[in-house]
Amino acid sequence: MKIKFCLQCNKELIGRSDKKFCDTDCRSSYHNTNRPMHEITIKQINSALRKNRSLLAHFCPSGKSTVKKEVLVQLGYRVDLFTHIFPFKNGVYFFCYEFGYLPIVDNGVHKMLIVHKQEYMNTLTFNPWKIKLAK
């Protein structure tokens, strides 16, 4: 019988003949360090989106609220990351899953009007090729 060693820490493996790692920590470490760069980027963005959603949910417990942008940004909110948008005649809601915000300025203070997604927002058929960009 051939002696095998853990691919991460080089400890001698005991047990099944097809075993590659001594424990789950070594398996996770090995796969995390050998993950392609695009997978790492995806994981980082998904993590930031989850944090954004969590912050919006925390500050909007009853369906609608207003919070200073500065407060959310200080807590780690990334305004550059969102899952989708809901444009309407007076602006654009930026959504992170089922919570969205409308950027507003109130007496010179940048705020976020946070809303929970409503059923009517599911009917939008958005065509990005019809956007008129400012010149």
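Thresholds applied
Residues numbered from 1 in each chain as written. Predicted model: local features only at pLDDT ≥ 70, side-chain atom pairs only at ≥ 80, totals over all residues. Heavy atoms only, no water. Pairing = 2+ DSSP bridges. Helix = DSSP H or I, 4+ residues; strand = E, 2+ residues; numbered from the N terminus. Patch = residues over 30% accessible without salt bridge, like charges linked within 9 Å, V, L, I, M, F, W, Y side chains within 5 Å. Areas by Shrake-Rupley, 256 points an atom, 1.4 Å probe, with all protein chains shown as cover. Salt bridge = Lys/Arg side-chain N within 4 Å of Asp/Glu carboxyl O. Buried < 20%, exposed > 50% of the residue type's maximum accessible area, 1.4 Å probe, protein only. Disulfide = S-S within 2.5 Å.

### Details of the pairing of strand β3 (residues 91–96)
(1) Moving on: Across five bridges, strand β2 (residues 84–88) lies against β3 in antiparallel orientation. Among the inter-strand pairings, phenylalanine 88 is bridged to a residue of β3, identified as glycine 91.
(2) Moving on: Counting the residues in the hairpin turn of β2 and β3 gives two residues.
(3) Moving on: Of the strand pairs in this sheet, β3 and strand β4 (residues 99–106) are connected by three bridges, and their pairing is antiparallel. What sits directly across from cysteine 96, in β4, is phenylalanine 99.
(4) Moving on: A loop of two residues connects β3 with β4, the two strands running antiparallel in sequence, and tyrosine 97 in this loop sits at a positive phi of about 60 degrees.

### So, a nonpolar patch on the surface
(1) Moving on: Among the surface-exposed residues, Leu124, Phe126, Ile131 and Leu133 lie close enough to one another that they form a single nonpolar patch of about 380 Å² accessible area.
(2) Moving on: Here leucine 124 shows up in the segment after β5 (109–116).
(3) Moving on: Classification of leucine 124 by relative accessible area gives partly exposed; the value is 32%.

### Examining the state of the cysteines
(1) Moving on: Taken as a whole, this structure holds zero disulfides when the rule is applied.
(2) Moving on: Free of any disulfide, cysteine 60 has its nearest neighbouring cysteine sulfur in cysteine 96, separated by 13 Å.
(3) Moving on: On the basis of relative accessible area, cysteine 96 is assigned to the buried category, the value being 0%.

Scope: geometric values only; no functional claims are made or implied.
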